[in-house]
Amino acid sequence: MACRILTTKCISFADISQFDRYIIDFCKGIERLYGSSVVTPNMHMHCHLSQCVSDYGPIYSFWLFSFERYNGHLGNMPNNSRAIEMQLMRRFLRDSFVHSLEFPSLYNDEFKKHFPTVVSETVHSDVEILKIMYMSKRSALIIGQDWQISSVFECNKSSCHVFCSEDYAMLKKTYCHLYPSDNEHIDCMPKSFRKCSSITFGGEVFGSYKSRHKRSSYIMAYWHDNDGKIISDVGSGDLQPGIIQYFVQHNLLMGNESRVHLFAKVFWLMPFPNVYRFHCGKPVEIWKKNIYDTFGPSAFIPVQRIFCRYICAEGKLYNKSVSYICPIMKGMNV
């Protein structure tokens with residue numbers, strides 16, 4: 001809870017005082033349970049974080065995680081272990097020069113699609129991003145929304161596939177829930193789709209369970225109801241955790257219009273009764289481990305409906321294997 005309070009992008013002095021109480025209680029509890037020998041200098045420094053936040057604002061404004069992340073990018077660049085600094089600088093200057101060039105207007109449509117990393121990235125408006133963020137909320141309508149994929153979402157390399165009969169039937173039902181008045185177009189929807197393992201939205205990566213972004217495949221959404229159904233009433237349903245298996249980019253022809261949608265295929269976790277689910281106290285919840293709810297139309301969720309990710313830890317409760325989950329807010333700056 002202390003970390004959850006401290007890592008918010010807006011924090012009040014009351015929140016800082018609450019964090020300070022929690023972190024001091026934690027450090028004292030560690031010393032009481034395990035002895036002073038396990039108390040580290042970092043734990044002592046944690047007790048001064050409240051003063052730092054009071055002086056400099058939210059830790060988002062001065063922490064160094066972004067620098068460490070880019071150091072990781074630099075370390076992953078191929079080199080021959082000689083004069084690495086010169087190689088990195090040459091690569092940086094080369095890429096900067098290429099990105100500064102204006103893409104030729106002649107044959108733009110033919111060549112632009114082959115140079116996705118060279119063409120300057122599109123700047124998305126705050127209104128567009130806020131609209132998508134609203135669509136993930138509990139109070140947002142499901143029927144009547146424009147669920148076409150937006151350029152805000154960036155897919156990694158994708159490959160062509162064909163739906164199996166079960167997935168094809170379930171995606172049809174998902175479409176029928178989104179567009180209940182367009183059944184005639186949904187009945188003859190294409191069986192082919194493009195499959196990708198991860199997407200990026202506003203700098204935040206959402207991965208799939210069998211990709212290298214496995215930890216980013218844990219998501220929560222107001223979408224799934226019991227027995228594989230989709231929430232029908234606005235404002236109803238709980239925030240349910242699930243695991244993304246892969247992403248589906250699918251083209252639905254509606255009249256003379258082509259609508260491209262981006263879905264995540266998700267396995268939704270089975271819940272425990274509330275007496276066990278909130279055993280640890282909010283925001284931590286307990287869900288069944290490796291046991292998933294009934295496969296149904298809710299298995300395909302529009303990516304706009306994803307509310308947030310969560311972190312997961314495995315453990316035992318009354319000798320039963322369980323998953324401890326805790327939601328994490330979207331790391332998005334608007």
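Just above sits the structure.
What counts and how
Residues numbered from 1 in each chain as written. Predicted model: local features only at pLDDT ≥ 70, side-chain atom pairs only at ≥ 80, totals over all residues. Heavy atoms only, no water. Helix = DSSP H or I, 4+ residues; strand = E, 2+ residues; numbered from the N terminus. Buried < 20%, exposed > 50% of the residue type's maximum accessible area, 1.4 Å probe, protein only. Salt bridge = Lys/Arg side-chain N within 4 Å of Asp/Glu carboxyl O. Pairing = 2+ DSSP bridges. Axes fitted to C-alpha atoms, helices over the stretch in contact; angles between N-to-C directions. Phe/Tyr/Trp six-rings, centres within 6.5 Å; stacked < 30°, edge-to-face > 60°. Lys NZ or Arg CZ within 6 Å of the ring centre and 35° of its normal.

Caption draft 1: View of unusual backbone geometry. The phi angle at Ala83 is positive, at roughly 50 degrees, despite the residue not being glycine. You can see Ala83 is positioned in the loop between helix 5 (65-76) and helix 6 (84-100). Judged by its relative accessible area of 43%, Ala83 falls in the partly exposed class. Phi at Asn319 is positive, roughly 65 degrees, even though this residue is not glycine. Relative to the helices and strands, Asn319 is located in the loop between strand 11 (306-317) and strand 12 (320-328).

Caption draft 2: Representation of the pattern of salt bridges. Tallied over the full model, the rule gives 7 salt bridges. The salt bridge involving Arg309 is made with Glu204; its shortest N-O contact spans 3.3 Å. Of this pair, Arg309 sits in strand 11 while Glu204 sits in strand 5 (residues 204-206); the two residues are 105 residues apart in sequence, bridging distant segments of the chain. Taken individually, Arg309 and Glu204 each receive the classification buried, so the pair is uniform in this respect. One network of salt bridges, in which partners are shared, links Asp238, Arg277 and Glu285.

Caption draft 3: Spotlight on the sheet that holds strand 5. The 3 strands are arranged 1-4-5 in an open sheet whose pairing can be described as antiparallel. The open sheet has two edge strands with one neighbour each: strand 1 (153-155) and strand 5. For this sheet the average axis-to-axis angle between neighbouring strands, irrespective of direction, equals 25 degrees. Looking at chain direction, strand 4 (residues 199-201) and strand 5 are connected through 3 bridges and run antiparallel. The partner of Ile199 across the bridge, within strand 5, is Phe206.

Caption draft 4: Region of interest: the pairing of strand 6 (residues 218-221). Of the two faces of strand 6, the one carrying Tyr218 and Met220 and the one carrying Ile219 and Ala221 are both buried. Note that strand 6 and strand 7 (residues 240-254) share 4 bridges and pair antiparallel. Looking at the pairing, Tyr218 lines up with Ile243 of strand 7. Here strand 6 runs beside strand 11; their pairing, made up of 3 bridges, is antiparallel. Within strand 11, the residue paired with Met220 across the bridge is Cys308.

Caption draft 5: Highlighting the packing of aromatic side chains. As enumerated under the stated definition, the model contains 14 aromatic pairs in all. Ring geometry for Phe163 and Phe193: centres 4.2 Å apart, planes at 20 degrees, overall stacked. Note that Phe163 is positioned in the loop between strand 2 (159-162) and helix 9 (165-178) and Phe193 in strand 3 (residues 192-196), a separation of 30 residues in sequence. The interplanar angle of 90 degrees and the centroid separation of 6.5 Å between the aromatic rings of Phe163 and Phe300 together place this pair among those described as edge-to-face. With Phe163 in the loop between strand 2 and helix 9 and Phe300 in strand 10 (residues 300-302), this residue pair connects regions lying 137 residues apart in the sequence. The ring of Tyr246 has Lys195 lying over it, and the distance from NZ or CZ to the ring centre is 4.5 Å. Here the guanidinium or amino end of Lys288 rests over the ring plane of Phe272, the centre of that ring lying 5.8 Å away.

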